[in-house]
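Take a look at the letters that make up each chain.
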Amino acid sequence: FTGSLDASSLLERIEVLTHVSQYDPYKVLIVDDSKAQATHTERVLNSAGILTHTLTEPIQAMDALAEFQPDLIILDMYMPECNGTELAKVIRHNDRYVSVPIIYLSAEDDLDKQLDAMSEGGDDFLTKPIKPRHLIATVRNRAARARNLKARMVRDSLTGLYNHTHTLQLLEDACFRARRDEQPLAFAMLDIDHFKKVNDTYGHPMGDRVIKSLALFLKQRLRKTDHIGRYGGEEFAVVLPDTDEQSALRVLEEIRQRFAEIHYPAQPQDLSCTFSCGIAMLQPGLDGNALSKRADEALYTAKHGGRNRVEL
Ligand code: GH3
Ligand code: MG
Ligand code: MG
Ligand code: MG
């Protein structure tokens, strides 16, 4: 990202980058009141294939963090609105960003002041002028470890799906985008029927196999842009961006039917399972919390209507 982009093209480009994989370039958020300083840092990092997004006003930092999802933050220490230390404190206050490395880059060479700045959640202090390869190596190493750690933090280890907390965060983000882009958004909750009986009859390892196979099945059937989470033991949640009511019903109904047809080889007879599903659509005035509550109510209706069905 260079300084000449307007806001809407910036958002468009950020959008493309939100589905991060391990092979995506590292993303660095630079906060510096001096445009010239920031441009220099950008050039150094961009030359190493690292993507940057620059803010000259620290006040925009929280929005930029949510939208750009950086792997690392480079902070200037002295800025008129709010200094780097104050900003670091605010960032660290949010659970979402506990694992994002914060590196100060400043001409300040007084060690006491540097250590003081680091005391509020900074990970490193680099003094200007800095050699480009020193900056690049520091950013790469820290970003790599942070990305690895984050991938573990947000996933469930049995299925590899997103965990409960992260699924809800993805739902919040998706609500924000759907509203901004005026696109529909569906949220579905799935719960395997009479799962206790599966465990009791076939044993816990078989129960685990069913959970894993439903996870895999959802991954295969849903779009790359959908977010699939393991919401609880035998409960799953799916965020479906750009999906209207009819499409959401169609795709989950198809998954329900196909899943019920799977036979797991077992004694004395093969096992087959079903799930119930509740869907809620984003509507004006609803946030992620309200949406998940609605999906949960629809799931309850599906259970009480006899299970093995999808309700809206
Ligand atoms: P319902 O149709 O009403 O959903 O019935 P249910 O038996 O599925 O109801 P409930 O939600 O009360 O039971 C879920 C069971 O799932 C209880 C728990 O022992 C089991 N379970 C939760 N997590 C796991 C897991 O990771 N592995 C296995 N094998 N079983 C699990
Ligand atoms: Mg400054
Ligand atoms: Mg349950
Ligand atoms: Mg259940």
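What you are looking at is a predicted structure, and each value in this text was computed from that prediction instead of being measured. The written sequence of each chain sets the order in which its residues are numbered from 1. Each chain takes a letter, starting from A, and each ligand takes a number, starting from 1, following the order in which they are written. Selection of residues for local features in this predicted model requires a pLDDT of at least 70, selection of side-chain atom pairs for listing and counting requires 80 or more, and totals for whole chains, interfaces and linings are taken over all residues. Note that the side-chain values use all heavy atoms of the structure and ignore hydrogens as well as water.

**Describing the coordination of the magnesium ion (ligand 2)**
Alright, step 1. The magnesium ion (ligand 2) binds to the protein through Asp33 (OD), Asp76 (OD) and Tyr78 (O); the donor distances cover 2.2 Å.
Alright, step 2. Donor atoms are limited to N, O and S found within 2.8 Å of the metal ion, a distance that becomes 3.2 Å for Na, K and Ca. With water left out, some sites might look partial. The sequence pattern formed by the donor residues of the magnesium ion (ligand 2) is D-x42-D-x1-Y. Of the two residues, aspartate 33 sits in the loop between β1 (27-31) and α2 (35-47) while aspartate 76 sits in the loop between β3 (72-75) and α4 (84-93), which places them 43 residues apart along the sequence.
Alright, step 3. Judged by its relative accessible area of 33%, aspartate 33 falls in the partly exposed class. Think of it this way: any DSSP run of H or I at least four residues long counts as a helix, any run of E at least two long counts as a strand, and we number them from the N terminus. The rule is simple: take the accessible area with a 1.4 Å probe, protein chains only, and divide by the maximum for that residue type; under 20% is buried, over 50% is exposed, in between is partly exposed.

**Quick word on the coordination of the magnesium ion (ligand 4)**
The expected angle between donors at a tetrahedral four-coordinate metal is 109.5 degrees. At an octahedral six-coordinate metal it is 90 or 180 degrees.
Alright, step 1. Taken together, the protein ligands of the magnesium ion (ligand 4) are Asp191 (OD), Ile192 (O) and Glu234 (OE), with distances of 2.0 to 2.3 Å.
Alright, step 2. Each donor residue of the magnesium ion (ligand 4) belongs to the same chain, with the gaps between them written as D-I-x41-E.
Alright, step 3. The exposure class assigned to isoleucine 192 is buried, which follows from its relative accessible area of 1%.

**Focus on the site of ligand 1**
Alright, step 1. Lining the immediate environment of ligand 1, one finds 16 residues, of which His194, Asp208, Arg230, Lys303 and Arg307 sit closest.
Alright, step 2. Pairing of N or O atoms within 3.5 Å defines a polar contact, subject to two protein rules: one partner must be a possible hydrogen donor and the other a possible acceptor, and residues neighboring in sequence count only if both atoms are side-chain atoms. Contact between ligand 1 and asparagine 199: a nitrogen atom at 2.9 Å from a side-chain N or O atom of the residue.
Alright, step 3. Take lysine 303: an N or O atom from its side chain is 2.8 Å from an oxygen atom of ligand 1.
Alright, step 4. Mapped by element, the contributors of at least two residues to the shell around ligand 1 are β6 (185-192), α8 (195-202) and α9 (204-221).
Alright, step 5. It is α9 that provides the largest number of residues to the shell around ligand 1, a total of four residues. For this purpose, a residue is taken to be near a molecule or strand whenever a single non-hydrogen atom of the residue falls within 4 Å of it.

**A word on helix α11 (residues 288-304)**
Alright, step 1. Helix span, expected: 1.5 Å multiplied by one less than the number of residues in the helix. With 17 residues, α11 ought to run about 24 Å at 1.5 Å a step, and its terminal C-alpha atoms sit 24 Å apart, in line with that.
Alright, step 2. Those residues of α11 that sit buried are Gly288, Leu291, Ser292, Ala295, Ala298, Leu299, Ala302 and Lys303. Buried residues along α11 cover an arc of 145° about the axis, so they all sit on one side. Of the residues in α11, the exposed ones pointing more than 90 degrees away from the buried face are Asn289, Lys293, Tyr300 and His304.
Alright, step 3. The contact criterion used is simple: two residues touch if any of their non-hydrogen atoms lie within 4.5 Å. Those residues of α11 that are buried lie in contact with α7 (164-181), β6, β7 (227-232), β9 (275-281) and β10 (310-311). The arc in question is traced by the directions running from the helix axis to the C-beta atoms.

**Observations regarding the pattern of salt bridges**
Alright, step 1. Just to be clear on terms, a salt bridge is a Lys or Arg side-chain nitrogen sitting within 4 Å of an Asp or Glu carboxyl oxygen. Under the defined criterion, the tally for this structure stands at 13 salt bridges.
Alright, step 2. Across the pair aspartate 173 and arginine 96 runs a salt bridge whose closest N-O atoms are separated by 2.8 Å. Of this pair, aspartate 173 sits in helix α7 while arginine 96 sits in the loop between α4 and β4 (102-106), and the two are 77 residues apart along the sequence.
Alright, step 3. Arginine 96 gets classed as partly exposed once you look at its relative accessible area, which sits at 22%.
Alright, step 4. The salt bridge partner of arginine 221 is glutamate 254, with a shortest N-O separation of 2.6 Å. Here arginine 221 is found in helix α9, whereas its partner glutamate 254 is found in helix α10 (residues 245-261), with 33 residues between them in sequence.

By themselves, these observations are geometric and do not establish any function.
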